[in-house]
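The chain contents come next:
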Amino acid sequence: QHVLTLYAGAITVPLIVASALKLPPEHAAYLVSADLFACGLVTLLQCLGVGPFGIRLPIMMGVTFVGVMPAIAIAGQPGLGLQGVDGAGIAAGLIVIPLVSFVGRLRSVLTPTVTGTAMLLIGLSLMGVAIDWAAGGQDAVDYGSPANLLLAGITVATILLVTRFAASFLQNCAILIGMAVGYALAIALGIVDFAAVGTAPALQLVTPFHFGLPIFDLAAIASMVIVLLITLVESSGMLMMLGDAVGRPVSTRDLSRGLRADGMGAVIGGLFNSFPYTSYAQNIALASMTGVRSRLVCVGAAAILLGLALFPKLSALVAAMPPSVLGGAALVLFGMVAASGIRSLATTGLASSRENVMIVAVSLGVGLIPTMSDRFFAEAPVVLAPFLHSGVLLGIVTAIALNLL
């Protein structure tokens, strides 16, 4: 159940990055395998614990959506590519791990107004990707064709029907079920290209630095440090929630161990060509719903993820999913990310605080600049590109500065 609940979110991020960078199918498939492998490793670290790392609770770790747009901005810079993302993740993780003890102070800076704005920006920034996918892919010759819109619509409709009428566990897997139904329909219509599946090896190990040695760029590292600080604040709330759900209140020492594992997750992600990791809220909800409190259940789920990562044909099958199906699921998934930001903002008293309204208004305006105009910062120094071309980071930094003001 934990694997199925996590899977849709886990595979979406590498597919987003692969699509944005126009990577060939075999590279997209490898990113999926690398992500599943790193998911398993970081989950094992969090559940079992190694020294000062790991909270030792039943928790699943998945790639964070906060880092998606910054990773694309970094990888899109000449001379950086995926190696730049790897280097930024490794360095940022090593920088943030010693800062774990200051998370309490970070809460006074990364308030619900700031984090809510960040999540809203992430959802809005990613929505353009979902829309292009739903229409068939940005460069598709049949962009917006009835067949593509039908597949996207069927996927969304399935997700809604499962959410409304299915049992509780199936509701947690609604996005995955919607993707499966849309994929099956696409196969029936004969529009799925399985060429990459046929050429993929039957078995392949995920190895460090598959795409080359990491590149350490200061602007890229600074961007990823901001991403990790945001995820640490979010994770601290998630871990406290999980402790209450399983009847084991989280102490300050427990929380520090859990957050260090988050930081190490970015390092592991960078080593294995993946991305930063954080605790998945839907899996915490699943632990609360089932009442199963044993961390060994999540250890078993992590072992399954590690096993799945060894089969490139499975990852190639995922990567062969038509963009329109993925787009239908992404419309819901990214909309939920944006909605979580709105829910967070609802707790900040916007109706009675002109200052908070101004923080949200200006931060959204600045954060949407790269999304609305890719030429706005065309004359800016190239070294600042990983930061200026990521609307999420622009919006977050603006929100932090205005919050302090």
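For the structure itself, consult the block above.
Now for a quick tour of the structure. (Residues numbered from 1 in each chain as written. Predicted model: local features only at pLDDT ≥ 70, side-chain atom pairs only at ≥ 80, totals over all residues. Heavy atoms only, no water.)

By the definition in use, this model includes three salt bridges. Between D139 and K22 there is a salt bridge, and its shortest N-O distance comes to 3.7 Å. Taken together, the residues D139 in the loop between α6 (112-134) and α7 (146-165) and K22 in the loop between α1 (2-20) and α2 (25-48) connect sequence positions 117 residues apart. Take K22: its relative accessible area is 53%, and that puts it in the exposed class. With a closest N to O distance of 2.8 Å, R257 and D254 form a salt bridge. Of this pair, R257 and D254 both sit in helix α12 (residues 252-271), three residues apart, roughly one helical turn. The exposure classification of R257 matches that of D254, with both residues buried. Through salt bridges with shared partners, one network takes in R248, D254 and R257. (Salt bridge = Lys/Arg side-chain N within 4 Å of Asp/Glu carboxyl O. Helix = DSSP H or I, 4+ residues; strand = E, 2+ residues; numbered from the N terminus. Buried < 20%, exposed > 50% of the residue type's maximum accessible area, 1.4 Å probe, protein only.)

Okay, helix α17 (residues 354-367) next. Compared with the 20 Å implied by 1.5 Å per residue over 14 residues, the 20 Å span of α17 between its first and last C-alpha is a close match. For α17, the complete set of buried residues consists of N356, I359, V360, S363, L364 and G367. End-on, the buried residues of α17 take up no more than an arc of 115°, which puts them together on one face. Opposite the buried face of α17, at more than 90 degrees from it, the exposed residues are R354 and E355. Looking at the buried side of α17, the elements it contacts are α6, α16 (323-346), α18 (369-372) and α20 (391-404). (Expected span 1.5 Å × (residues − 1). Arc of directions from axis to C-beta. Contact = heavy atoms within 4.5 Å.)

This part is about unusual backbone geometry. Positive phi values are uncommon outside glycine, yet K22 reaches one of about 55°. Phi is positive for R56, close to 60°, though the residue is something other than glycine.

Right, let's get into the nonpolar core. In terms of nonpolar packing, the biggest core is built from 122 residues, with F65 and F334 touching the most fellow members. Ignoring anything within four residues of it in the chain, the contact list for F65 reads G9, T12, V13, I122, L126, Y280, L333 and F334. Counting residues in each nonpolar core, the second largest holds seven residues, with L120, L121, L345 and V360 among its members. (Core = buried A, V, L, I, M, F, W, Y, C linked by side-chain atoms within 4.5 Å.)

Right, let's get into the packing of helix α11 (residues 218-245) against helix α13 (residues 281-290). Two packed helices can be described by the angle between their axes and the distance between those axes. Running from amino to carboxyl end, α11 crosses α13 at an angle of 10°, the nearest separation of the two axes being 9 Å. In terms of orientation, α11 lies roughly parallel with respect to α13. For the pair formed by α11 and α13, the contact residues are M238, M241, L242 and A245 on the first element and A281, I284, A287 and S288 on the second. Its residues assigned to classes, the contact of α11 with α13 shows seven nonpolar, one polar and no charged. (Axes fitted to C-alpha atoms, helices over the stretch in contact; angles between N-to-C directions. Parallel < 35°, antiparallel > 145°, perpendicular 65-115°, else oblique. Nonpolar A, V, L, I, M, F, W, Y, C, P; charged D, E, K, R; others polar.)

Now for the side chain of T64. Within the fold, T64 resides in the loop between β1 (61-63) and α3 (68-75). With residues near it in sequence (within four places) discarded, T64 still touches T231, P276, Y277 and T278.

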